[in-house]
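# Examining the three-dimensional arrangement
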There are 2 protein chains.
Amino acid sequence: MISSEIAPHLQFKNNGSKIIFFVIDGIGGLPLPKTGLTELETANTPNLDRLATKGVTGMSIPIAPGVAPGSGVAHLSLLGYDPFTYDVGRGAIAAYGVGLEMEEDDIAVRVNFAGFNSAGAVVDRRAGRLATEKNMELCKMLREIKIHDVEIIIETVMDYRSVVIFRGEGLHPDLSDTDPQATGEGVFPAPVVALKPRSKYSASIAKTFIKEANDILQTKEAKAIAELPNGQHLSILTRGYADRPNLPLMQHLYGLENIGAIASYPDYRGIARIVGMDVLYDGHELDEEFDKLEEVFHNYDFIFFHIKEADSAGEDGNFDKKVSVLEEIDKQIKRVEELSPEVLVVTGDHSTPSTYKGHTWHPVPFLIVGKWCRPDTVKKYNESECKHGTLGLFHATEVMLYALGNAGRIDKFRA
Amino acid sequence: MISSEIAPHLQFKNNGSKIIFFVIDGIGGLPLPKTGLTELETANTPNLDRLATKGVTGMSIPIAPGVAPGSGVAHLSLLGYDPFTYDVGRGAIAAYGVGLEMEEDDIAVRVNFAGFNSAGAVVDRRAGRLATEKNMELCKMLREIKIHDVEIIIETVMDYRSVVIFRGEGLHPDLSDTDPQATGEGVFPAPVVALKPRSKYSASIAKTFIKEANDILQTKEAKAIAELPNGQHLSILTRGYADRPNLPLMQHLYGLENIGAIASYPDYRGIARIVGMDVLYDGHELDEEFDKLEEVFHNYDFIFFHIKEADSAGEDGNFDKKVSVLEEIDKQIKRVEELSPEVLVVTGDHSTPSTYKGHTWHPVPFLIVGKWCRPDTVKKYNESECKHGTLGLFHATEVMLYALGNAGRIDKFRA
């Protein structure tokens, strides 16, 4: 069942209860062949295991059987939005992630600074992992670009990533990416192509912007900022042209009043703003996220708390690092428990097994603790055990209903 | 979730991986009261059990809770087609099963040779299990029938069964069966009735055909071929008037290029052709099916491998025979494993318990083995154990997504 589809049939009440929605990105794993244990099963996690013993558990399917999700759509699913109905483009996530607001006809697109060889092939999609400060200097230079009838808003995201909004009448987002998502001698950026007739004008605007941006990035001044290796020149790649997201806000859907988000990566802050959350933290440190939670807890009905580091370790194929991130989270989670929220949800948006080095479709361990949970027999929070929990294998889109129900926020349905 | 509904949202890639989709028809059973064990639980199946230990397991619901499916629809469901959206008539399955192709306005119908008493009651729906060679001789005689403006195509299926296609303008398939699906003194064939006004013309064509066929079958020559017992005369029963199937092909739905089918019964070859498979085997022997698989494996991305014998034993109420068929399959399945497909699915289309002597709604043991499976704790492939697997109780329409995902053929969904 899909929370956003069931919610309009329900009456919600604000009983003052507090929900902490704790998302460990990429938490699910696969066993190492030599031990037969996943990252979570290898990690020493006494606090998570105690929570599993107190609460009710299951395994959640992120999107659909066999389907590995991107981060954006996986979070929307977890927040109850049907992933096959609601679509939020990467450009929009990036724009909201840095605190921009989109207007009706805006197009937002992610822009990466990248290194090219003299033939124009993409040789480094991250421009030597450009530092955020340098990115800010380059964005300042790009703000010189003027296009007739179109306002251009440029903002640094992080490292080599930035975001551009095109604002003006008659713009539409059906445009292809120029980012080939690969590098090498024969790999060139693609041209911007209008994917629907209505987007021809938008394509011409995007092409003009890219050309002018690349002219600026080949000046001595820009080269001095980027400091690419000899022979490389700097240019941009664009990805995920998107229009303004138009999702029902969580306040409206679920009758929640004050919803906050604590996340250390811009994209998750973007998703949070798009569904109506206040973004409460703008740093990058795991322990600071917990400090912030303690500080703001009493002001919010619902806090989305996002930890990125488990996913990053999985993507890097670093099993031991993922284990140590999970152990660190386990230590810190005691602080969350001590806040005594009426409901604590602990789960992930998808699996990122270190052996796979990427997102997968594998179900994710899920745990909910609250006064009204009927505890099951599961005593460990991991892939092998949670599947025996009362909730069994279920869809992530159901999680919000469990959270709200256990918080006593859903009125009895009908007479 | 229904694979054919989710698939249009997804991007598939051909990564060269190979999927063997192993279907043991009617595999699920019910326990014998004296032992408390089903056929699968009674059989000695070390190879299937080893596969269950390596892979991930569950129980699949063929169509809907409590609903026993026919063979055609059960296979469509397993291949991901919504059984309540897609309908393929029995006549069409029979036509494609013998390699005929239907055109836009064609009607196909299954025709059984049957024995009648002198009063015209149906006394033997199978004409003494007529031999296929005799069926072929009778079909040759029926080809003499000419109807104005309608082309008639007649083909032997197997034993007492054949198929007829009516080809011409203005034909529609909404016609009732003449086969009463029962025998006895008071059981007469029903008349062909037009079920919609548009099918009145088709009804007149079918009636004319049946009358002329019965005239031919009552000649001395036909009687000599059929050799029915004294006093019985030969006639036909018609069943499953159907128009041309119009399903999206599996190539189109799932991005698979080369899809093959190995099946020993014509109806399963019919289903296979209707969804876009190459039919690779036309014999009837279990061990030959495995020979064929070894021969063609490297040419196909996806092979649907169908074994009929477990279902037949179940239908006959022969518990011991079903046990021995399952043991024989278990021996042979080692040959499948040795081909090292990236993904091996082992399941059935429905249950056919020997105690029930027919298809039932009971969930079917399901097993998938592949490099990226997260193994569960199940170590035996049977009804009691597979229900403890990670996949739990799920719908057969999800199987294709699991197969394609585990084969790495589904791209990450969105950003």
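A count of helices and strands for chain A gives 15 helices and 13 strands. Compactness check: chain A gives a C-alpha radius of gyration of 22 Å against a globular reference of 22 Å for 415 residues, within 12% of the reference. Taken along the three principal axes of its C-alpha coordinates, chain A extends 65 × 55 × 40 Å. Residues classed as buried in chain A amount to 61% of the 415 residues present. Long-range contacts, defined here as pairs at least 24 residues apart, represent 76% of the contacts in chain A between residues at least 6 apart.

Our focus in this paragraph is the pairing of strand β5 (residues 151-158) of chain A. All names here are of chain A. Of all the eight residues making up β5, six are buried; the element is thus mostly covered by neighbouring parts of the structure. Judged from the seven bridges that link them, β5 and strand β6 (residues 161-167) form a sheet pairing that is antiparallel. Residue methionine 158 lies in a different strand from β6, and its bridge partner there is arginine 161. Where β5 folds back on β6, the antiparallel hairpin that results is connected by two residues, among which aspartate 159 adopts a positive phi of roughly 50°.

We now examine the environment of A:Arg374. Here A:Arg374 shows up in the loop between β12 (364-370) and α14 (383-386). Counting along the chain gives 16 residues from A:Arg374 to A:Thr390, while the straight-line C-alpha distance between them is 8.6 Å.

As a further point, take the relation of the copies chain B and chain A. It takes a turn of 121° to lay chain B on chain A, together with a shift of 0.1 Å along the axis; the resulting RMSD is 0.1 Å. The superposition operator between the copies reduces to a three-fold rotation axis. Identified as the residue of chain B closest to the rotation axis by C-alpha distance is B:Gly392, at 4.2 Å. Comparing interface residues between copies, only 4% of those in chain B also sit at the interface in chain A, which points to a heterologous contact through distinct surfaces.

Let's shift gears to the packing of aromatic side chains. Geometrically, a pair of aromatic rings is defined through the distance of the ring centres and the angle of the planes. Applying the stated criterion to the full structure yields 24 aromatic pairs over all chains. On the basis of an interplanar angle of 50° and a centroid distance of 6.5 Å, the ring pair of A:Tyr265 and A:Tyr268 is categorised as tilted. We classify A:Tyr265 as partly exposed; its relative accessible area is 29%. Judged by centre distance (5.5 Å) and plane angle (90°), the rings of B:Tyr81 and B:Tyr86 are edge-to-face. By way of ring pairs, the aromatic residues A:Phe22, A:Phe290 and A:Phe305 are connected into one cluster.

Let's shift gears to the sheet that holds strand β13 (residues 393-395) of chain A. If you trace the eight strands from one edge of the open sheet to the other, you get β9-β8-β10-β1-β11-β12-β2-β13 (chain A), paired in mixed fashion. One side of each edge strand has no neighbouring strand; the edge strands of this open sheet are β9 (278-279) and β13 of chain A.

B:Leu10, B:Phe21, B:Leu79, B:Met250, B:Tyr254, B:Met277 and B:Phe302 are the most contacted members of the largest nonpolar core, which has 64 residues in total. In terms of residue count, the dominant contributor to this core is helix α15 (residues 399-406) of chain B (six residues). When residues no more than four places from it in sequence are discounted, the contact partners of B:Tyr254 are B:Ser3, B:Ser4, B:Ala7, B:Phe12, B:Leu79, B:Gly80, B:Met400 and B:Leu404. With 54 residues, the next largest nonpolar core counts A:Met158, A:Val343, A:Ala403 and A:Ala407 among its residues.

A separate point is the interface of chain B and chain A. A common way to express how large an interface is: the accessible area buried when the components associate. Each side of the interface is counted separately: chain B has 24 residues, and chain A has 34 residues. Carbon and sulfur atoms make up 65% of the area that chain B and chain A hide from each other, which totals about 2,400 Å². Area buried by chain B at its contact with chain A is led by B:Trp372, B:Arg374 and B:Ala415, which between them contribute 33% of it. Scanning the region where chain B abuts chain A turns up one salt bridge.

As a further point, take the pattern of salt bridges. In a structure, side chains of opposite charge can pair up when their charged atoms sit close to one another. All names here are of chain A. Per the stated rule, a full pass over the model turns up 41 salt bridges over all chains. Between arginine 244 and glutamate 104 there is a salt bridge; the shortest N-O distance is 3.5 Å. Of this pair, arginine 244 sits in the loop between β7 (233-242) and α9 (250-254) while glutamate 104 is found in the loop between α5 (90-97) and β3 (107-116), placing the two residues 140 residues apart along the sequence. Its relative accessible area of 36% is what places arginine 244 among the partly exposed residues. Overall, glutamate 104 belongs to the exposed group, its relative accessible area being 59%.

Further remarks concern the sheet that holds strand β9 (residues 278-279) of chain B. Residue and element names in this part refer to chain B. Spatial strand order, β9-β8-β10-β1-β11-β12-β2-β13: eight strands in an open sheet with mixed pairing. Edge positions in the sheet fall to β9 and β13 (393-395), since each has one partner strand and no second. Looking at chain direction, strand β8 (residues 259-263) and strand β10 (residues 302-307) are connected through five bridges and run parallel. Among the inter-strand pairings, isoleucine 262 is bridged to a residue of β10, identified as phenylalanine 305. This element, helix α13 (residues 319-338), spans β1 (19-24), β10 and β11 (343-347) of the sheet and lies at about 175° to β1.

Right, let's talk about the confidence of the model for chain A for a bit. Per-residue pLDDT for chain A averages 97, and the proportion of residues at 70 or more is 100%. Taken over the whole predicted complex, pTM reads 0.94, whereas the ipTM for its chain interfaces reads 0.93.

The next subject is a negative patch on the surface. All names here are of chain A. Together, Glu285, Asp287, Glu288 and Glu328 give the surface a local cluster of negative charge. The topology assignment puts glutamate 328 in helix α13 (residues 319-338). For glutamate 328, a relative accessible area of 31% corresponds to the partly exposed category.

Okay, the environment of B:Gln332 next. All names here are of chain B. Note on placement: glutamine 332 falls in helix α13. Taking the C-alpha atoms as reference, glutamine 332 lies 38 Å from isoleucine 165; in sequence the two are 167 residues apart. Beyond its immediate chain neighbours, meaning those up to four positions away, glutamine 332 contacts Leu286, Asp287 and Phe290. Among the polar contacts listed, one links the side chain of glutamine 332 to the side chain of arginine 335, at a separation of 2.8 Å.

Before going further, it helps to examine the side chain of A:Thr38. All names here are of chain A. Within the secondary structure, threonine 38 is located in the loop between β1 (19-24) and α2 (39-42). A residue is classified by how much of its surface remains accessible, and threonine 38, at 1% relative accessible area, is buried. Among the polar contacts made by the side chain of threonine 38, one reaches the main-chain amide nitrogen of glutamate 41 at a distance of 3.1 Å. Side chain to side chain, threonine 38 and glutamate 383 meet in a polar contact 2.6 Å long.

This next bit is on the packing of helix α6 (residues 132-142) of chain B against helix α7 (residues 200-217) of chain B. Residues and elements named next belong to chain B. For the pair α6 and α7, interaxial distance at closest approach is 10 Å and the crossing angle is 120°. Taken as axis vectors, α6 and α7 run oblique relative to one another. Handedness of the α6/α7 crossing: right-handed. Within the contact between the two elements, α6 uses Leu138, Met141 and Leu142 and α7 uses Ala213, Ile216 and Leu217. A class-by-class count of the residues in the contact of α6 with α7 yields six nonpolar, no polar and no charged.

Positive phi values are uncommon outside glycine, yet A:Gln181 reaches one of about 55°. Residue placement: A:Gln181 occurs in the loop between β6 and α7 (200-217).

Moving on to the environment of B:Glu327. All names here are of chain B. For glutamate 327, the location among the structural elements is in helix α13. Distance from glutamate 327 to proline 46, taken between C-alpha atoms, is 9.0 Å for residues 281 residues apart in sequence. Apart from the residues within four sequence positions on either side, glutamate 327 is in contact with Thr42, Ala43 and Asn44.

On to the side chain of B:Asp174, then. All names here are of chain B. In this fold, aspartate 174 is placed in the loop between β6 (161-167) and α7. On the basis of relative accessible area, aspartate 174 is assigned to the buried category, the value being 12%. A distance of 2.6 Å separates the side chain of aspartate 174 from the side chain of serine 199, its partner in a polar contact. Contacts of aspartate 174, omitting those with residues within four sequence positions, involve Val193, Ala194, Leu195, Lys196, Arg198 and Ser199.

If you walk through the whole model with that rule in mind, you get zero disulfides over all chains. No disulfide involves A:Cys386; its sulfur sits 13 Å from that of A:Cys373, the nearest cysteine.

Analysis parameters
- Residues numbered from 1 in each chain as written.
- Chains lettered and ligands numbered in written order.
- Predicted model: local features only at pLDDT ≥ 70, side-chain atom pairs only at ≥ 80, totals over all residues.
- Heavy atoms only, no water.
- Helix = DSSP H or I, 4+ residues; strand = E, 2+ residues; numbered from the N terminus.
- Rg over C-alpha atoms; globule rule 2.2 N^0.38 Å.
- Buried < 20%, exposed > 50% of the residue type's maximum accessible area, 1.4 Å probe, protein only.
- Contact = heavy atoms within 4.5 Å.
- Pairing = 2+ DSSP bridges.
- Least-squares fit on C-alpha atoms with pLDDT ≥ 70 in both.
- Phe/Tyr/Trp six-rings, centres within 6.5 Å; stacked < 30°, edge-to-face > 60°.
- Core = buried A, V, L, I, M, F, W, Y, C linked by side-chain atoms within 4.5 Å.
- Buried area = accessible area lost by both parts, 1.4 Å probe.
- Salt bridge = Lys/Arg side-chain N within 4 Å of Asp/Glu carboxyl O.
- Axes fitted to C-alpha atoms, helices over the stretch in contact; angles between N-to-C directions.
- pLDDT = per-residue confidence, 0-100.
- Patch = residues over 30% accessible without salt bridge, like charges linked within 9 Å, V, L, I, M, F, W, Y side chains within 5 Å.
- Areas by Shrake-Rupley, 256 points an atom, 1.4 Å probe, with all protein chains shown as cover.
- Lys, Arg positive; Asp, Glu negative; His and termini not counted.
- Charge placed at Lys NZ, Arg CZ, Asp CG, Glu CD.
- Polar contact = N/O pair within 3.5 Å; in protein donor to acceptor, adjacent residues only side chain to side chain.
- Parallel < 35°, antiparallel > 145°, perpendicular 65-115°, else oblique.
- Left-handed = near helix turned anticlockwise from the far one by under 90°.
- Nonpolar A, V, L, I, M, F, W, Y, C, P; charged D, E, K, R; others polar.
- Disulfide = S-S within 2.5 Å.

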